[in-house]
Amino acid sequence: MKIYIAGKISGDKNYKAKFARAEKTLAKKGHSIMNPAWLVEYPEFQYGDYIFISDWMRSVCEAVVLLPDWEQSEGAKREKSSAVAERQKIFYGVDEVPFAEEA
């Protein structure tokens, strides 16, 4: 399954490690991952630029995994709403995601 990871990035200095752990766990379960933490921050790009790209990343996936802090992020809340509207599967944490052969 193609899975997008959503969670708090802005204001979380450890977001890259948090997203990397989620990605590693999901990949070990046999899934393909879109991780917005792959994006490199450059001063020329605005918050809206990253939201645009992240939304595209999410839109090509079958499911969204919401990390435990997703409700503290306006971006993740918007991603969840878009996932609901587009009828993507939503998982509340990596532990809810089945192994690929079970999905």
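Residues numbered from 1 in each chain as written. Predicted model: local features only at pLDDT ≥ 70, side-chain atom pairs only at ≥ 80, totals over all residues. Heavy atoms only, no water.

**Student:** How should I be thinking about the packing of aromatic side chains in this particular structure?
**Tutor:** Note on aromatic pairs: each is described by the distance of the centres and the angle between the planes. In this structure the tally under the stated criterion is four aromatic pairs. For the ring pair Phe 45 and Tyr 50, a centre distance of 6.0 Å and an interplane angle of 70° mean the geometry is edge-to-face. Taken together, the ring pairs connect Tyr 42, Phe 45 and Tyr 50 into an aromatic cluster. The ring of Phe 99 is capped by Lys 29, whose NZ or CZ atom sits 5.6 Å from the centre of that ring. (Phe/Tyr/Trp six-rings, centres within 6.5 Å; stacked < 30°, edge-to-face > 60°. Lys NZ or Arg CZ within 6 Å of the ring centre and 35° of its normal.)

**Student:** Looking at this structure, I do not really get the sheet that holds strand S1 (residues 2-6). What am I missing?
**Tutor:** Whether parallel or antiparallel, the strands of a sheet pair through hydrogen bonds between backbone atoms. Strand order across the open sheet formed by four strands is S2-S1-S3-S4, with parallel pairing between neighbours. Only two strands of the sheet have a single neighbouring strand rather than two, namely strand S2 (32-34) and strand S4 (89-92). Each strand axis lies, on average, 30° off the axis of its neighbour in the sheet, ignoring direction. Note that S1 and S2 share three bridges and pair parallel. Note on S2: the bridge partner recorded for Tyr 4 is Met 34. The sheet strands contacting helix H2 (residues 47-59) are S1, S2 and strand S3 (63-66), and the helix crosses S1 at an angle near 145°. Across the sheet, helix H3 (residues 74-85) is in contact with S1, S3 and S4; its angle to S4 comes to roughly 140°. (Pairing = 2+ DSSP bridges. Helix = DSSP H or I, 4+ residues; strand = E, 2+ residues; numbered from the N terminus. Axes fitted to C-alpha atoms, helices over the stretch in contact; angles between N-to-C directions. Contact = heavy atoms within 4.5 Å.)

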